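# Structural overview
This is what each chain is made of:
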Amino acid sequence: MTKYSFANLDKWADKSERRMDYVVRQATNDLLRGINIAPGINRGGSRKKGTIPRDLGPLAASLQSTLLGTSALSGPTGENSYVGVIGRMKAGDKARFAWGGAVAPYAPDVHYGANGVMGTFWIPEAAKKWNSYVRGAVAKGRAVVP
Amino acid sequence: MNSKDISNAIKARLLTVAGAPSIAWPNVEFNSSVVPRWEATLVRQRTDPSLKGGGAIEREEGSLQVVLCVEHGLGEDAVLDYLDAVRTTFPKGQTFAVAGGTITVLTEPAETAQGFPDTKTYRSPIALQYVANAT
C-alpha cells in the first residue's frame, strides 16, 4: 500500500476523490441493476413486488436517465441507459432515473396498481436498498481503487 | 416485534385517520366498485433480525404506500383533503407503539406522486416512510 506524506498530499486527495467517485458510481449501478425485470401477466408471469413486469409494451425500455451536475447528460433512454450516466458521474452529482413518458404512459398503473391489479412498487423497493448498496460499494472501493 | 406486529400497528393507525373511506389491504377481498377507497400496501425492506433470536426483528425500515382513489371529475380537492388528513395523523417524527418496540414516521408523512386515472377512479399515490425499532 502506498504511504502518503505531507509532500504528496495532492496525491492522497486525488485518491480519495477517485474512491468517492467509485462509490457513487458502483452504488448507483447496483441500484439500477438490482431492479429485476420479470415476465408480466401476458407472458405467464405475475405482478411481483419490486420488479418491472415485461409484457407486451416497452416499460422497462422506457427508462430515461439524466445526469445533473459537473458534466450534465440529458436523457438517453433505454433499458441500459443508466450506464451512460454512471460513466460520467462524479461524487456530489445528482442523477434522475424515470420510467414511463410518451412510450410507456401506463407506467404509473403498473407501479402503483390500477383496475384491480396490484402494483409492483419497484422504485421504493429499490430505494430502500440504497444504504446497503453504498456500504457494499465502500468496501469494494477500498479494495479496487488504488 | 415481528413483521406482523409492525404491519398491524401501521394498519390500525391508518384506520384512525379522520374521514378515511374503506381501505383495501393486500390479499383481503374487496369490492372494487366501492369509491372512494384507499388501497394500502407496505413495502418493507432492510429488516435486521440480529441479536433478538426466534425471528424477532431488531429494526425494520419500510414505507406505507397508499393509493387514494376518488371518482372521476371531482377535481383534486377530494384527494388533497385525504392527504391533509393523513398528514395530521402521521406527522413527521411521530412515534407510536408496536408490540415490543416503537415505530417512527421518518420523512414528511405523505410524499405525493403524480395522480393518474384508471377506468373507474382517479388515483393519487402517497408514500410514508417509517422505521420500527425494538425496545
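The structure displayed is predicted, hence computed values, not measured ones. Within any chain, residue numbers begin from 1 and follow the written order of that chain's sequence. As a convention, the first chain written is A and the first ligand written is 1, with the rest following in written order. Reporting in this predicted model follows two pLDDT cut-offs: at least 70 for local features of residues, and 80 or more for side-chain atom pairs to be given and counted; totals over whole chains, interfaces and linings ignore these cut-offs and use all residues.

So, about the overall build of chain A. Helix and strand assignments follow DSSP, with helices taken as H or I runs no shorter than four residues and strands as E runs no shorter than two, numbered in order from the N terminus. A count of helices and strands for chain A gives 5 helices and 6 strands. Its helices and strands in sequence order give chain A the pattern α-β-β-β-α-β-α-β-β-α-α, from N to C terminus. On C-alpha atoms alone, chain A measures out to a radius of gyration of 19 Å, which is more than a quarter above the 15 Å that the 2.2 N^0.38 rule sets for 146 residues. When the backbone C-alpha atoms are referred to their principal axes, chain A occupies close to 65 × 25 × 20 Å. Residues with at least 20 neighbouring C-beta atoms inside 10 Å of their own are called buried, those with 12 or fewer are called exposed, and the rest are partly exposed, where every C-beta is derived from the backbone. Considering chain A as a whole, with its 146 residues, one finds that 25% of them fall into the buried category. Once local pairs closer than 6 in sequence are excluded, the contacts in chain A between residues at least 24 apart make up 52%. The atom set for the radius of gyration is the C-alpha atoms, and the globule formula is 2.2 Å times the number of residues raised to the power 0.38. It is the C-beta atoms, placed from the backbone, that decide contacts: two residues are in contact if theirs lie within 7 Å.

The next point concerns the nonpolar core. Put simply, a nonpolar core is buried Ala, Val, Leu, Ile, Met, Phe, Trp, Tyr and Cys residues tied into one set by C-beta atoms within 7 Å. The biggest cluster of nonpolar side chains holds 31 residues, and the ones touching the most others in it are Leu68 and Leu128 of chain B. Looking at this core, the elements that each hand over two or more residues are helix 1 (3-15), strand 2 (37-48), strand 3 (59-71), helix 2 (77-89), strand 5 (101-105) and strand 8 (121-134) of chain B. Ranked by the residues each element gives to this core, the list is headed by strand 8 of chain B, at 7 residues. Counting residues in each nonpolar core, the second largest holds 21 residues, with Ala27, Val110, Tyr133 and Ala137 of chain A among its members.

In this section: the interface of chain A and chain B. Between chain A and chain B, the residue contacts involve 13 residues of the former and 17 residues of the latter. Elements with a contribution of two residues or more to the side of chain A that touches chain B: helix 3 (107-112), strand 5 (113-114) and helix 4 (122-127) of chain A. With 3 residues, the top contributor of residues to the side of chain A that touches chain B is helix 3 of chain A. Gly falls in the polar group here, along with every residue not listed as nonpolar (Ala, Val, Leu, Ile, Met, Phe, Trp, Tyr, Cys, Pro) or charged (Asp, Glu, Lys, Arg). Residue composition of the side of chain A that touches chain B, by class: 5 nonpolar, 4 polar and 4 charged.

Before going further, it helps to spend a moment on the pairing of strand 3 (residues 64-68) of chain A. Residues and elements named next belong to chain A. Where burial is concerned, the two faces of strand 3 differ: the one with Ser65 and Leu67 is buried and the one with Gln64, Thr66 and Leu68 is not. Judged from the 5 bridges that link them, strand 3 and strand 4 (residues 94-98) form a sheet pairing that is antiparallel. Note on strand 4: the bridge partner recorded for Ser65 is Phe97. Note: two strands are recorded as paired if DSSP finds a minimum of 2 bridges between them.

All names here are of chain A. Each axis is a line fitted through C-alpha atoms, and for a helix only the stretch in contact is used; angles between axes span 0 to 180 degrees, taken between their N-to-C directions. Running from N to C, helix 1 (residues 9-33) and helix 5 (residues 130-144) point in directions that differ by 135 degrees, and their axes come no closer than 8 Å. As judged from the angle between their axes, helix 1 and helix 5 are oblique. In this structure, helix 1 meets helix 5 at a crossing whose hand is right-handed. Counting all contacts with helix 1, which are made through Arg19, Tyr22, Val23, Gln26, Ala27, Asp30 and Leu31, the residues of helix 5 involved are Trp130, Tyr133, Val134, Gly136, Ala137, Val138, Lys140 and Gly141. A per-class count over the contact of helix 1 with helix 5 returns 9 nonpolar, 3 polar and 3 charged. Should an angle lie under 35 degrees it is considered roughly parallel, over 145 roughly antiparallel, and from 65 to 115 roughly perpendicular; all remaining angles are considered oblique. Each crossing is labelled by how the near helix is turned from the far one, with a counterclockwise turn of less than a right angle marking it left-handed and a clockwise turn marking it right-handed.

Let's shift gears to the confidence of the model for chain B. Confidence of the predictor at the level of single residues is given by pLDDT, which spans 0 to 100. Within chain B, residue pLDDT values average 85, and 90% of them lie at 70 or more. Looking across chain B, the model is least confident in strand 6 (residues 111-112) of chain B, with a mean pLDDT of 80, and most confident in strand 1 (residues 22-24) of chain B, with 91.

Backbone torsion omega between Val35 of chain B and Pro36 of chain B reads 0 degrees, so that peptide bond is classified as cis. Tracing the backbone through its elements, the reader meets Pro36 of chain B in the loop between strand 1 and strand 2. Its identity is not glycine, yet Asn115 of chain A carries a phi of approximately 55 degrees, on the positive side. Judged by the 11 C-beta atoms lying within 10 Å of it, Asn115 of chain A is exposed. We note that Asn27 of chain B has phi near 60 degrees; this positive angle belongs to a residue other than glycine. Looking at where Asn27 of chain B falls in the secondary structure, it is placed in the loop between strand 1 and strand 2.

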